[in-house]
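A structural walkthrough
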Amino acid sequence: MGQRVAVLGAGPMGLAVAYQLTQDGHYPVVFEADDRVGGMTASFDFNGLEIERYYHFHCISDHAFLQALGELGIADKMRWVETKMGYWYQGRLQPWGNPVALMKFRGLSLMAKFRYGLHALLCTKRNDWLPLDSLDAVSWIKRWVGKEAYEILWRRLFDYKFYDYSDNLSAAWIWSRIRRIGRSRFSLSREKLGYLEGGSETLLQALKDAIEIAGGEIRLKSPAEKLIIEGGKVVGIQVAGQLEIFDRVVSTIPLPYVPQLMPDLPQDILSQFAAKKNIAVVCVIAKLKRPVTENFWLNTNDPEMDIPGLVEYSNLRPLDKHVVYVPFYLPSEHPMFAEPDEVFLSKVRTYLKKINPRLCDEDFIDVRASRYRYAQPICEPRYLDTLPPVSLPVKGLWVADTSYYYPEDRGISESIGFGRQLAKIVVI
Ligand SMILES: Cc1cc2nc3c(=O)[nH]c(=O)nc-3n(C[C@H](O)[C@H](O)[C@H](O)COP(=O)(O)OP(=O)(O)OC[C@H]3O[C@@H](n4cnc5c(N)ncnc54)[C@H](O)[C@@H]3O)c2cc1C
């Protein structure tokens, strides 16, 4: 018989849980704090352009995502593009992302190039992540590529994404990112990335429609306030001060919110959730009259720029105007996170004009910033051992977020795939 199940969070994972539940004949009720579905993939009105707050691209290995598109009848909205990468280093823009670019790269010795290239190549060939699970990423990379290549090509990526956490990151987790991008290619020298016509909103709407048509419910502006547990069993959730009765609850909201939402969990489990660290993001989006570069992805190593790189999204997905995202990743406790948006907007104007001196103030049509406090879990070595089980020792409760598909990095496809598997165990 069909079960009523509460799902907390309407990001890709929550929607995937609800979608799979409806496919299996159940009745999910999704509670979402925001006024729209999507979580990190949600869109906003950027001066007449409906676009994601945070950039999204897809790789050919995004199997769960591609499968969902097929089931939802929107596979024809998928586009694959040959994209270019660049590197901004020593005040110069250089091609990047393929063996020829590496060999021609100025400012790096031949030996450093060879070691960097070999490491990247072997990462794309590797399948077994367990030997990397207990290693720290920085030492692992330094051992392979050497000090020179680490300092020039890697250090700033770590410094400006993970700050003080850089020294204790899992090598398996960093490897999975190298492999994902490295394997998304037409050939060794040609990168292949994808986007959806209409952006992530196309997927979100299709999922939302499929859930609602099948009898599921999605309640927006409905943050779950407290999980009610009695006698070791879930009895419901408190929403807007009211008790909503459920004997099955699946939470997909970021783990750092869990202790305040579920204070009656056993103390050891609460401590495990409370110990989880995340990186926040202030992501600036700029709409421009002219391009910054021809690249989709541009890594930066410039002492005057506190960013690891930028994404020129319109070089992947054709848009009327040029659109660039500049993410500032930083721990939410970092004093810079408290700076007003204008500080970040002003930095971005300066950085873009430095990279492309032809850009002038009049070329900036609009610039905005979006913030997500828990944008990225910080995964230390042996990360999975530090997580409580998805199925908690409270009858009727399952808790997960993007950390749970470690060593994969957080991604739409991974959240969808994980969410659908989760739905299967909730109603056994
Ligand atoms: C800058 C940036 C760039 C990215 N680029 C890519 C990319 O190129 N490709 C890719 O595949 N992925 C990318 N991602 C990652 C992708 O967006 C995430 O993996 C995905 O959105 C995670 O979905 P989720 O449902 O697991 O979590 P979330 O998207 O975090 O969803 C969680 C939801 O829970 C809701 N919530 C929180 N508290 C409550 C509460 N108390 N009650 C109810 N609801 C609550 C939130 O509002 C949110 O909607 C990027 C993310 C960022 C930030």
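Residues numbered from 1 in each chain as written. Predicted model: local features only at pLDDT ≥ 70, side-chain atom pairs only at ≥ 80, totals over all residues. Heavy atoms only, no water.

Describing the overall build of the protein chain
The test is simple: We count a stretch as a helix when DSSP gives it H or I for four or more residues in a row; a strand needs E for two or more, and each element gets its number in order from the N terminus. Radius of gyration: C-alpha atoms only; globule rule: 2.2 Å multiplied by the number of residues to the exponent 0.38. Note on areas: Shrake-Rupley, 1.4 Å probe, and residue coverage restricted to the protein chains presented here. Here Asp and Glu are counted as negative and Lys and Arg as positive; His is not counted, and neither are the chain ends. Think of each charge as sitting on NZ of Lys, CZ of Arg, CG of Asp or CD of Glu.
Scanning the protein chain from terminus to terminus reveals twelve helices and 20 strands. Over its C-alpha atoms the protein chain spans a radius of gyration of 22 Å, differing by no more than 12% from the 22 Å that the globule rule assigns to 428 residues. Along the first, second and third principal axes, the C-alpha atoms of the protein chain reach 65 × 50 × 40 Å. Of the roughly 17900 Å² of accessible surface on the protein chain, a fraction of 52% belongs to carbon and sulfur atoms. One finds the centroid of the 52 positive side-chain charges in the protein chain at a distance of 5 Å from the centroid of its 51 negative side-chain charges.

Overview of the domain arrangement of the protein chain
In plain terms, the rule: Where each domain begins and ends follows an automated or database-derived domain assignment. We call two residues in contact when some of their heavy atoms are within 4.5 Å. Buried area adds together the accessible area that both of two parts lose upon being put together, with accessible area traced by a 1.4 Å probe. Here a salt bridge means any side-chain nitrogen of Lys or Arg lying within 4 Å of a carboxyl oxygen belonging to Asp or Glu. Within 3.5 Å is the distance limit for a polar contact, defined as a pair of N or O atoms, with the added protein rule that one can donate a hydrogen and the other accept it, and that residues adjacent in sequence qualify only through two side-chain atoms. Each residue receives one of three labels: charged for Asp, Glu, Lys and Arg, nonpolar for Ala, Val, Leu, Ile, Met, Phe, Trp, Tyr, Cys and Pro, and polar for the others, Gly being one of them.
Taken as a whole, the protein chain is organised into domain 1 (4-81 + 197-276 + 380-426), domain 2 (96-187) and domain 3 (277-377). Taking only C-alpha atoms into account, the centre of domain 1 sits 27 Å from that of domain 3. Taken together, the 27 residues of domain 1 in the interface contact 30 residues of domain 3. Per-residue buried area on domain 1 facing domain 3 is highest for Phe46, Tyr54 and Tyr55; these three make up 28% of the total on that side. Counting across the interface, domain 1 meets domain 3 through zero salt bridges. Summed over the shared surface of domain 1 and domain 3, the number is twelve residue pairs in polar contact (both at pLDDT 80 or more). Breaking the side of domain 1 that touches domain 3 down by element, the ones donating at least two residues are strand S3 (43-46) and strand S4 (49-52). Partitioned by chemical class, the residues of the side of domain 1 that touches domain 3 number 14 nonpolar, seven polar and six charged.

Remarks on the nonpolar core
The criterion, for reference: In these notes, a set of buried Ala, Val, Leu, Ile, Met, Phe, Trp, Tyr and Cys residues joined through side-chain atoms within 4.5 Å is what counts as a nonpolar core. Three labels apply to residues, based on accessible area from a 1.4 Å probe with only protein chains included: buried if under 20% of the type maximum, exposed if over 50%, partly exposed otherwise in between.
Formed by 122 residues in total, the largest nonpolar core has its most connected members in Phe158, Leu203, Leu265 and Leu397. Counting residues per element, this core draws most heavily on helix H6 (residues 137-162), at twelve residues. When sequence neighbours within four positions are dropped, the list of residues in contact with Leu397 reads Leu227, Val234, Val249, Met262, Leu265, Val390, Ser391 and Leu392. Core analysis: the second largest hydrophobic core is formed by 29 residues, Trp88, Met305, Phe344 and Tyr351 among them.

Digging into the side chain of Thr22
Tracing the chain through its elements places Thr22 in helix H1 (residues 12-23). We classify Thr22 as buried; its relative accessible area is 9%. Setting aside residues up to four positions removed in sequence, Thr22 forms contacts with Pro28, Ile211, Ala214 and Gly216.

A word on the sheet that holds strand S15 (residues 278-288)
The test is simple: At least two DSSP bridges between two strands are required for those strands to pair. Each axis is a line fitted through C-alpha atoms, and for a helix only the stretch in contact is used; angles between axes span 0 to 180 degrees, taken between their N-to-C directions.
Across the sheet, seven strands lie side by side as S7-S6-S16-S17-S18-S15-S19; this open sheet has mixed pairing. Two strands bound the open sheet, and with one partner strand each, they are strand S7 (92-96) and strand S19 (364-377). Each adjacent strand pair in this sheet contributes to an overall mean axis angle of 25°, direction not counted.

Some remarks on the site of the ligand
Here is the rule: Only a single heavy atom is needed: when it lies within 4 Å of a molecule or strand, its residue is near that molecule or strand.
Around the ligand, the surrounding shell holds 29 residues, and the nearest of these are Met13, Glu32, His56, Tyr372 and Ser415. In this structure, Gly39 approaches the ligand through a main-chain N or O atom, which is 3.4 Å from an oxygen atom. His56 places a side-chain nitrogen or oxygen 2.7 Å from an oxygen atom of the ligand. When the free accessible area of the ligand is taken as 1000 Å², the share hidden by the protein chains comes to 94%. Looking at the shell around the ligand, the elements that each hand over two or more residues are H1 and helix H12 (412-426). Taken together, the residues of the shell around the ligand sort by class into 16 nonpolar, ten polar and three charged.

Quick word on the pairing of strand S13 (residues 242-245)
For strand S12 (residues 233-239) and S13, the ladder comprises four bridges, and the chain directions are antiparallel. Residue pairing for S13: Ile237 is matched across the bridge by Glu244. If you look at the hairpin formed by S12 and S13, you'll find two residues sitting between the two strands, and Ala240 has a positive phi there, around 50°.

So, the environment of Arg373
The residue Arg373 is located in strand S19 in this model. Beyond its immediate chain neighbours, meaning those up to four positions away, Arg373 contacts Ile279, Ala280, Ser332 and Phe337.

Details of a nonpolar patch on the surface
Under the convention used in this document: Only residues whose relative accessible area exceeds 30% and that take part in no salt bridge are eligible for patches, with like-charged residues grouped when within 9 Å of each other and nonpolar side chains (Val, Leu, Ile, Met, Phe, Trp, Tyr) grouped when within 5 Å.
On the surface, a nonpolar cluster with roughly 490 Å² of combined accessible area is contributed by Met111, Phe114, Leu118, Leu122 and Trp144. Broken down by element, the residue count for the nonpolar patch peaks at four residues, all from helix H4 (residues 110-125). Looking at the secondary structure, you find Leu122 in helix H4.

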